[in-house]
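# Inside the fold
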Amino acid sequence: MTPSLRESCGIFGVYTPEEDVARISFYGLYALQHRGQESAGIATSDGRRLHLRTGMGLVSQVFAEEDLAYLPGRLAIGHTRYSTTGSSREANAQPVLVEGPNGTLALGHNGNIVNAAVLRADLEEQGVAFAAGADSEVIAQVLATAPGANWQDRFAHLMRRLEGAYSLVVLTPQALMVARDPMGNRPLSLGRLDSGWVVASETCAFDHLGATFIREVEPGEALHIDEGGVQSLKGFESRRDAFCIFEYIYFARPDSVIDGKLLYPVRMAMGAQLAREHPADADFVIGIPDSATAAAVGYSQESGIPFVEGLVKNRYVGRTFIEPDQRIREMGVHLKFNPLREVLEGRRLVVVDDSIVRGTTTPRVIAMLRRAGAREVHMRITAPPITHPCFFGIDMGTRWELIASQMSVPEVEHHVGADSLGHLSVDRLLKAVGLPREHFCLACFTGDYPMPVPLQMDKLALEPAMGARDRHEFEWPDVVRPSPVRKS
Ligand code: SF4
């Protein structure tokens, strides 16, 4: 459920000479909608110029049939956004377009750059002007101005300069390029179409498009894709792997494959480990739909306690964090779930959820279950206590907002109103995933960050002052200007 833990973005790219790349991108982004719901955008190339359409809202709100006709070409990139740097406004929607000595390029980014302010100041000193307030524009400008005779050199320069987490899709008039940071923090995979290639944050997008998964882009690797095929530009040696383990716990869809593993059974294994680590005497196991369903099934199978659906989700509401304001967010739980009184009344429940971040949603869920007649509520959480903030693209607030950084587990148990509370430990989480500790970033549980990070990070640090120009006031040479955003 995790409404206060927000993913940064979903990225997508396609090359095909035989199909409508805008339409393919639309459906690719549609499959990645869970990774960001604030804005969406698609950029295409017809071989000479780039065409762009971005807007606020869901993919289905931003694009209509006539928008796709406006986006011709054989190459495209797309993006769904949740803002982790920069505010939620149209000028920060991606892909971003920039013009530099290396030509015009569009870029979509998933992750967070920790040295964006320094890079931006350097570029501004060189006379580069910025249109918006996201680190993605900084990355695009570093690449557009990078020294080097070819893209291999320029990506090597980019990867030497960037510190932080990034999976990138980049579009020039001639090629689609992608890159993944040297620690491989955010996911990115390559797939094959009959007549071309696709890349996406998650493999579930390939399934919807009938594409075949080929492989993950390696940490520190960039790919150059055009009519000549896929060329690997090895950009940078990986210092250490630091894949975000929250992709396994919550962010990625359960039908996506990461590290060769389908996530649904991995989440079931987390539930089974949770049952071993924190058994409970109860009548039923329920999961918070949909994100904790697989783990609840795993808990049930391991414990022998029957799994039932105790909460029905209104599937058309979406994740509760779509609503930005606290009052509406509080209402969101009731908009989203309806408890089944006949199932819950008089019962002792194990309730499996994926995480507790600020501790604002869990008490409301427990209160709702009790109002529906639950006699006992034993919360079981597949994420270990979150004690440290994320600097790599997951907006979980500042450290003092994280309830586990301020309270012990028994104190949180009391605060949320549970009869008992148990978190999966880091060791058992790793056991469920089946990969070594060294493969992962676990920093929000341990404080052991894979690279030096600022003490605190302000997601609006790169925002221009109030009244600054909107991106649409800029002229883009060789670029078709975006038309006004549709309000829906
Ligand atoms: S700090 Fe946590 S959420 Fe952020 S990348 Fe690391 S594991 Fe993922």
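What counts and how
- Residues numbered from 1 in each chain as written.
- Predicted model: local features only at pLDDT ≥ 70, side-chain atom pairs only at ≥ 80, totals over all residues.
- Heavy atoms only, no water.
- Helix = DSSP H or I, 4+ residues; strand = E, 2+ residues; numbered from the N terminus.
- Buried < 20%, exposed > 50% of the residue type's maximum accessible area, 1.4 Å probe, protein only.
- Areas by Shrake-Rupley, 256 points an atom, 1.4 Å probe, with all protein chains shown as cover.
- Near = heavy atom within 4 Å.
- Nonpolar A, V, L, I, M, F, W, Y, C, P; charged D, E, K, R; others polar.
- Contact = heavy atoms within 4.5 Å.
- Pairing = 2+ DSSP bridges.
- Axes fitted to C-alpha atoms, helices over the stretch in contact; angles between N-to-C directions.
- pLDDT = per-residue confidence, 0-100.
- Salt bridge = Lys/Arg side-chain N within 4 Å of Asp/Glu carboxyl O.
- Parallel < 35°, antiparallel > 145°, perpendicular 65-115°, else oblique.
- Left-handed = near helix turned anticlockwise from the far one by under 90°.

## Quick look at the overall build of the chain
Broken down by element type, the chain carries 17 helices and 24 strands. Here the chain, with 488 residues, has 62% of them falling under the buried criterion. Entry remark: accessible area of the chain is about 18100 Å², with carbon and sulfur atoms responsible for 52%.

## What to know about the site of the ligand
Surveying the vicinity of the ligand reveals the residues Asn185, Cys244, Ile245, Phe246, Cys390, Phe392, Ile394, Met396, Cys441, Ala443 and Cys444. The class makeup of the residues in the shell around the ligand is ten nonpolar, one polar and no charged.

## What to know about helix H5 (residues 135-144)
Within H5, ten of the ten residues are buried, leaving the element largely enclosed by the surrounding structure. On its buried face, H5 sits against strand S5 (96-100), strand S6 (103-113), helix H4 (116-125), helix H6 (151-161) and strand S7 (164-171).

## Considerations on the environment of Val169
If you trace the backbone, Val169 turns up in strand S7. The class of Val169 is buried, set by a relative accessible area of 0%. Along the primary structure Val169 and Leu188 are separated by 19 residues, whereas in three dimensions their C-alpha atoms are 9.6 Å apart. Non-local contacts of Val169, meaning those with residues more than four positions away in its chain, are made with Ile11, Phe12, Gly13, Ile77, Gly78, Ala106, Leu107, Gly108, Met177, Val178 and Val199.

## Description of the pairing of strand S4 (residues 75-81)
In terms of burial, S4 is largely enclosed, as seven of its seven residues are buried. Neither face of S4 is open: one carries Leu75, Ile77, His79 and Arg81, the other Ala76, Gly78 and Thr80, and all of them are buried. Where strand S2 (residues 39-45) lies against S4, seven bridges are found, and the strand directions are antiparallel. From the neighbouring strand, Ala40 faces S4, where its bridge partner is Thr80.

## Concerning helix H1 (residues 21-31)
Across the eleven residues of H1, eight count as buried, placing the element largely inside the fold. Of the residues making up H1, those classed as buried are Val21, Ala22, Ile24, Ser25, Phe26, Gly28, Leu29 and Ala31.

## Describing the sheet that holds S6
Taken together, six strands build an open sheet; the order of strands is S5-S6-S7-S8-S12-S13 and the sheet is antiparallel. Only two strands of the sheet have a single neighbouring strand rather than two, namely S5 and strand S13 (229-234). Put simply, the sheet's adjacent strands are angled 25° from each other on average, direction ignored. Sheet topology places strand S12 (residues 221-226) next to S13; six bridges connect them, and they run antiparallel.

## Here we look at the confidence of the model for the chain
Across the chain, pLDDT averages 87, with 85% of residues at or above 70. Overall, residues 318-324 carries pLDDT values under 50, and its contacts beyond four positions in sequence, including any with other chains, amount to 24 contacts. This model gives residues 463-488 a pLDDT under 50, and the stretch forms 62 contacts once residues within four places in sequence are excluded.

## As for the pattern of salt bridges
It is possible for side chains bearing opposite charge to pair when their charged atoms get close. Within this structure, the stated rule accounts for 19 salt bridges. With its nearest N and O atoms 3.0 Å apart, the salt bridge here joins Arg276 to Glu302. With Arg276 in helix H9 (residues 263-277) and Glu302 in helix H10 (residues 293-303), this residue pair connects regions lying 26 residues apart in the sequence. A relative accessible area of 45% places Arg276 in the partly exposed class.

## Details of the packing of H9 against H10
Interhelical geometry of H9 versus H10 gives an angle of 45° and a closest axis separation of 6 Å. Looking at the two axes, H9 sits oblique to H10. Between H9 and H10 the crossing geometry is right-handed. On H10, the residues touching Tyr264, Arg267, Met268, Gly271, Ala272, Leu274, Ala275 and Arg276 of H9 are Ala294, Ala295, Val297, Gly298, Tyr299, Gln301, Glu302 and Ser303. Considered class by class, the residues forming the contact of H9 with H10 number nine nonpolar, four polar and three charged.

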